[in-house]
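Listed below are the residues making up each chain.
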Amino acid sequence: MVSRKILKSHPVSVLKKEISKTNIKGYSKMKKPELIDLMMKPEHADRFAHIEIAPSRAEKKAQKEKNAKSQKEGDDFLKREEERMKKEEEAKKKELQSILAKSPPKKKGKEVKKAKKVTSFTVTKADGSKKEVKTGRVKRRAEEKKAKEKKPKKLSAEDESKKLLKSMLKEQRAELAKLKKNKASKELIKQKTLISDTIKAGIKAGFID
């Protein structure tokens, strides 16, 4: 149940805030005593039954000191725990170093012997006779055969001409594209186009008129 003592313990701002939650009008310019009278009216009192007495300054100060003390105790506890964990980590590190120092050195693995280089091998012919063949000779012949396979085929005179014409056509097309990009005269573009078409016809026919 709300009382004048409870309402007096709160500032004007709190009282006005509580009244604003109801549909009561005309309280904005009232002073504290008037607000209390308004709130204590029989028709309004039930609306403010939930309000409790505000703590005094001494109580607020005591609560503040209590909170500060709790905070300090919490900080001190965390600091002690951090130092303890740090000491434990250092002790474990030292123990590990001590174990590693006492452990015997690792044995070296067996050395793998290199296989002897084969310089020759024996070939049995169809008649049953045997012949020793040097690996160097076999390797040289294999390299010679490989070189022959990679050697490009010689182009015929006709293919050489076509290749040359294709190269010329590529150059002419590049120049023509450059002229068009630079917006050259129509006459110059026409000449380059005619040259390109002539070379193209020459590639198809195998010669140039």
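Residues numbered from 1 in each chain as written. Predicted model: local features only at pLDDT ≥ 70, side-chain atom pairs only at ≥ 80, totals over all residues. Heavy atoms only, no water.

**Remarks on the overall build of the protein**
This is how the line gets drawn: Per the convention used, a helix needs a DSSP run of H or I reaching at least four residues, while a strand needs a run of E reaching at least two, with both numbered from the N terminus. Burial classification: accessible surface area is computed with a 1.4 Å probe over protein chains only, and a residue below 20% of its type maximum counts as buried, one above 50% as exposed, and the rest as partly exposed. Here, residues are in contact when the closest pair of their heavy atoms is within 4.5 Å. In short, Shrake-Rupley with a 1.4 Å probe defines the accessible areas, and a residue's cover is counted only from the protein chains shown.
The number of helices and strands found in the protein is eight helices and two strands. Taken from the N to the C terminus, the helices and strands of the protein come in the order α-α-α-α-α-β-β-α-α-α. Put simply, the protein has 209 residues, and 14% of those count as buried. Sequence-distant contacts, at least 24 apart, represent 43% of the contacts inside the protein between residues at least 6 apart. For the protein, the accessible surface area stands at approximately 19200 Å², while carbon and sulfur atoms represent 55% of it.

**A few points about the pattern of salt bridges**
For clarity, the threshold we go by: We define a salt bridge as a side-chain nitrogen of Lys or Arg found within 4 Å of a carboxyl oxygen belonging to Asp or Glu.
Under the definition given, this model contains five salt bridges. With a closest N to O distance of 2.9 Å, Arg4 and Asp37 form a salt bridge. With Arg4 in helix 1 (residues 4-8) and Asp37 in helix 3 (residues 32-39), the pair connects residues that are 33 residues apart, well separated along the chain. Classification of Arg4 by relative accessible area gives partly exposed; the value is 40%. By relative accessible area, which is 38% here, Asp37 ends up partly exposed. The residue Glu88 makes a salt bridge to Arg84 at a minimum N-O spacing of 2.6 Å.

**Describing the nonpolar core**
Our working rule: Definition of nonpolar core: a set of buried residues of the types Ala, Val, Leu, Ile, Met, Phe, Trp, Tyr and Cys, connected through side-chain atoms within 4.5 Å.
Core analysis: the largest hydrophobic core is formed by 14 residues, its most contacted members being Leu7, Leu15, Ile19, Met39, Phe48 and Ile51. At the level of elements, helix 1, helix 2 (12-20) and helix 3 are the ones that each hand at least two residues to this core. Once residues lying within four places of it in the same chain are set aside, the contact partners of Ile51 are Ile6, Leu7, His10, Glu18 and Met39.

**Focus: helix 2**
Stated precisely, the cut-off is as follows: Note that the arc is computed from the directions linking the helix axis to the C-beta atoms.
Within helix 2, burial applies to Leu15, Glu18 and Ile19. Buried residues in helix 2, looked at end-on, bunch into an arc of 100 degrees, giving them a common side. Facing away from the buried side of helix 2 by over 90 degrees, the exposed positions are Ser13 and Lys17. In the core, the buried residues of helix 2 are packed alongside helix 1 and helix 3.

**Some points on helix 3**
Of the residues making up helix 3, those classed as buried are Leu35, Ile36, Leu38 and Met39. Down the axis of helix 3, the smallest arc covering the buried residues is 160 degrees, so these residues share one side. Here the buried face of helix 3 lies against helix 1, helix 2 and helix 4 (42-45).

**A short note on the side chain of His44**
With respect to the helices and strands, the residue His44 is situated in helix 4. Assessed through its relative accessible area of 13%, His44 is described here as buried. Apart from residues lying up to four places away in sequence, His44 is in contact with Ile24, Leu38 and Met39.

Honestly, that's just the spatial picture; any functional story needs more than this.
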